[in-house]
There are 2 protein chains.
Amino acid sequence: MDKIRVIEVKRSVFDDNDKDAAALRSELKHRGVFLLNLMSSPGSGKTTTLIKTINLLKDKLSVAVMEADIDSDVDAKKIHDATGVKSVQLHTGGMCHLDADMTRQGLNSLDLDGVDLAILENVGNLVCPAEFDTGASKNCMILSVPEGHDKPLKYPLMFSVCDLVLINKMDVAPYFDFDLDKCREYIKLRNEKAEIIPICAKTGEGIDKFADWLINQTKQWKDGN
Amino acid sequence: MDKIRVIEVKRSVFDDNDKDAAALRSELKHRGVFLLNLMSSPGSGKTTTLIKTINLLKDKLSVAVMEADIDSDVDAKKIHDATGVKSVQLHTGGMCHLDADMTRQGLNSLDLDGVDLAILENVGNLVCPAEFDTGASKNCMILSVPEGHDKPLKYPLMFSVCDLVLINKMDVAPYFDFDLDKCREYIKLRNEKAEIIPICAKTGEGIDKFADWLINQTKQWKDGN
């Protein structure tokens, strides 16, 4: 891959995003592809977390990645160079989120034959991406320690739509007033079913747990559970 | 002030936000009120920076603050308790940004008589707030060290609309791969006129420079420059 492919995804023509998302999810189920929608604030460590996790996973699952960004091309290349998996850059043309049709445009540009796990790295934003069902099998978000443990109180929708919350940059916890117990409590206030895994993408702490979660979820998805 | 006031601001009925923003800016100029629009990602330290800065400023300028949030009330109370200045909480009802009419609704709820400097703390989001002129005299953003020095490449519009970029959490720079020179270079690529001040709201580093910038800007605004 000499140059990473860039796909300009356009705003959906569908009025009813929920309907379109449900249709996409059903197609992916039929094809046996588990789609993870990964969301977070800018700079919380989505790309680094993916690189570490994919390198643990790639012998067990066939992985493909879509990197959504407003207009830079850095991440898809970084993912491909560091992991060797298929990756594509999606440009949202200023849009602050992806909807199901934009996600479908991205998936169509990847060859999904044989892919077990497709990962969508959504635009860095704790607000808008939570409002749009992308058609993903599961939603996951990263909250990083420097952002503060109060974020579930301030961005409630994001925490309530996520099945899994990764708490990243645990290595710098001693330098910030971050209370992990309070953070867990606030997340559970918003979403009592959310699973929570503290990680550090830099040191690798907890990445095995995230990889195991993805392997189990992909298996359950394929098994029809 | 027993309980902080909460104002539910509604999406603007104006189609033409730019026209409305220009009208608001002109009214504020006429009244001698400098309005700062402060933007950033979630958790980059907007509220803490404001508290430290207002405590340096409040003997020189009369300050009032609007805290915009999706639905929490924490920040307006925090600002009032820590500084004593007038503050009001604006609820955006899920909206990811403020436009000029929403800003006007907030200003109308504050008594602006005698106020020199009004500060709008926008919703924590590096994407959408950059797209809407609020009618502010100047735009300022905070980028924090843990977010990474590459953010001007990935969120270009935000950096291009800001007159001042504060780089916060300089105290933790040794624990992150943050290159201040590269960050300055990337900001200048987006906006060569942007001023840049490295700060640390926790230790107070650089807060005097931000306070001086606000005092000078407010004076120039009142003097008609």
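Residues numbered from 1 in each chain as written. Chains lettered and ligands numbered in written order. Predicted model: local features only at pLDDT ≥ 70, side-chain atom pairs only at ≥ 80, totals over all residues. Heavy atoms only, no water.

1. Digging into the overall build of chain A
Then, number 1: Summing up its helical and strand segments, chain A has eight helices and eight strands in all.
Then, number 2: Radius of gyration (C-alpha) of chain A: 16 Å, near the 17 Å computed for a compact globule of 225 residues.
Then, number 3: With the principal axes as the frame, chain A shows a C-alpha extent of 45 × 35 × 35 Å.
Then, number 4: Taken over 225 residues, chain A has a buried fraction of 61%.
Then, number 5: Once local pairs closer than 6 in sequence are excluded, the contacts in chain A between residues at least 24 apart make up 77%.
Then, number 6: Total accessible area on chain A is roughly 9000 Å²; 48% of this is exposed by carbon and sulfur atoms.
Then, number 7: Of the side-chain charges in chain A, 29 are positive and 36 negative, and the distance between the mean point of each set is 2 Å. (Helix = DSSP H or I, 4+ residues; strand = E, 2+ residues; numbered from the N terminus. Rg over C-alpha atoms; globule rule 2.2 N^0.38 Å. Buried < 20%, exposed > 50% of the residue type's maximum accessible area, 1.4 Å probe, protein only. Contact = heavy atoms within 4.5 Å. Areas by Shrake-Rupley, 256 points an atom, 1.4 Å probe, with all protein chains shown as cover. Lys, Arg positive; Asp, Glu negative; His and termini not counted. Charge placed at Lys NZ, Arg CZ, Asp CG, Glu CD.)

2. Looking at the relation of the copies chain A and chain B
Then, number 1: Each copy superposes on the other: chain A lies on chain B with an RMSD of 0.0 Å after a rotation of 180 degrees and an axial shift of 0.0 Å. What the rotation and shift describe, once combined, is the action of a two-fold rotation axis. Minimal C-alpha separation from the rotation axis in chain A is found for Asn125(A), amounting to 3.0 Å.
Then, number 2: When the interface residues of chain A are mapped onto chain B, 100% of them again fall at the interface, so both copies present the same face. (Least-squares fit on C-alpha atoms with pLDDT ≥ 70 in both.)

3. What to know about the pattern of salt bridges
Pairing is possible between side chains of opposite charge, provided their charged atoms come close.
Then, number 1: Applying the stated criterion across every chain yields a total of 20 salt bridges over all chains.
Then, number 2: With a closest N to O distance of 3.5 Å, Arg31(A) and Asp113(A) form a salt bridge. You can see Arg31(A) sitting in helix 1 (residues 17-31) and its partner Asp113(A) sitting in the loop between helix 4 (100-109) and strand 5 (117-121), a full 82 residues away along the chain.
Then, number 3: On the basis of relative accessibility, which here comes to 46%, the residue Arg31(A) falls in the partly exposed class.
Then, number 4: On the basis of relative accessible area, Asp113(A) is assigned to the exposed category, the value being 59%.
Then, number 5: Arg104(B) serves as the salt-bridge partner of Glu27(B), at 2.9 Å between the closest nitrogen and oxygen. Placement of Glu27(B) in helix 1 (residues 17-31) and of Arg104(B) in helix 4 (residues 100-109) is noted, with a sequence separation of 77 residues between them.
Then, number 6: Of the residues examined, Glu27(B) reaches a relative accessible area of 38% and is grouped as partly exposed. (Salt bridge = Lys/Arg side-chain N within 4 Å of Asp/Glu carboxyl O.)

4. Quick word on the side chain of Asn168(A)
Residues and elements named next belong to chain A.
Then, number 1: Inspection of the secondary structure puts Asn 168 in strand 7 (residues 164-168).
Then, number 2: A polar side-chain atom of Asn 168 sits 2.9 Å from the main-chain carbonyl oxygen of Ser 44.
Then, number 3: From its side chain, Asn 168 meets the backbone nitrogen of Ala 201 in a polar contact 3.0 Å long.
Then, number 4: When neighbours within four sequence positions are excluded, Asn 168 is seen to be in contact with Ser 44, Gly 45, Thr 49, Ile 142, Leu 143, Ser 144, Val 145, Ile 199, Cys 200 and Ala 201. (Polar contact = N/O pair within 3.5 Å; in protein donor to acceptor, adjacent residues only side chain to side chain.)

5. Focus on the packing of aromatic side chains
Then, number 1: Tallying each qualifying case throughout the model produces five aromatic pairs over all chains.
Then, number 2: Note on Phe176(A) and Phe176(B): the rings are 6.4 Å apart at their centroids and 75 degrees apart in plane angle, and the pair reads as edge-to-face. Placement of the pair is Phe176(A) in the loop between strand 7 and helix 7 (180-190) and Phe176(B) in the loop between strand 7 (164-168) and helix 7 (180-190), with the two residues belonging to separate chains. The burial state of Phe176(A) is the same as that of Phe176(B); both residues are buried.
Then, number 3: For the cation-ring pair, Lys29(A) lies above Trp221(A), with the distance from its terminal atom to the ring centre recorded as 4.3 Å. (Phe/Tyr/Trp six-rings, centres within 6.5 Å; stacked < 30°, edge-to-face > 60°. Lys NZ or Arg CZ within 6 Å of the ring centre and 35° of its normal.)

6. Focus on the environment of Leu36(B)
All names here are of chain B.
Then, number 1: Inspection of the secondary structure puts Leu 36 in strand 2 (residues 34-40).
Then, number 2: Judged by relative accessible area, which is 0%, Leu 36 ranks as buried.
Then, number 3: Separated by 100 residues in sequence, Leu 36 and Ala 136 have C-alpha atoms that sit 5.6 Å apart.
Then, number 4: Once residues within four sequence positions are removed from consideration, Leu 36 is found in contact with Ala 118, Ile 119, Leu 120, Ala 136, Lys 138, Cys 140, Phe 210, Trp 213 and Leu 214.

Geometry only, nothing functional implied.
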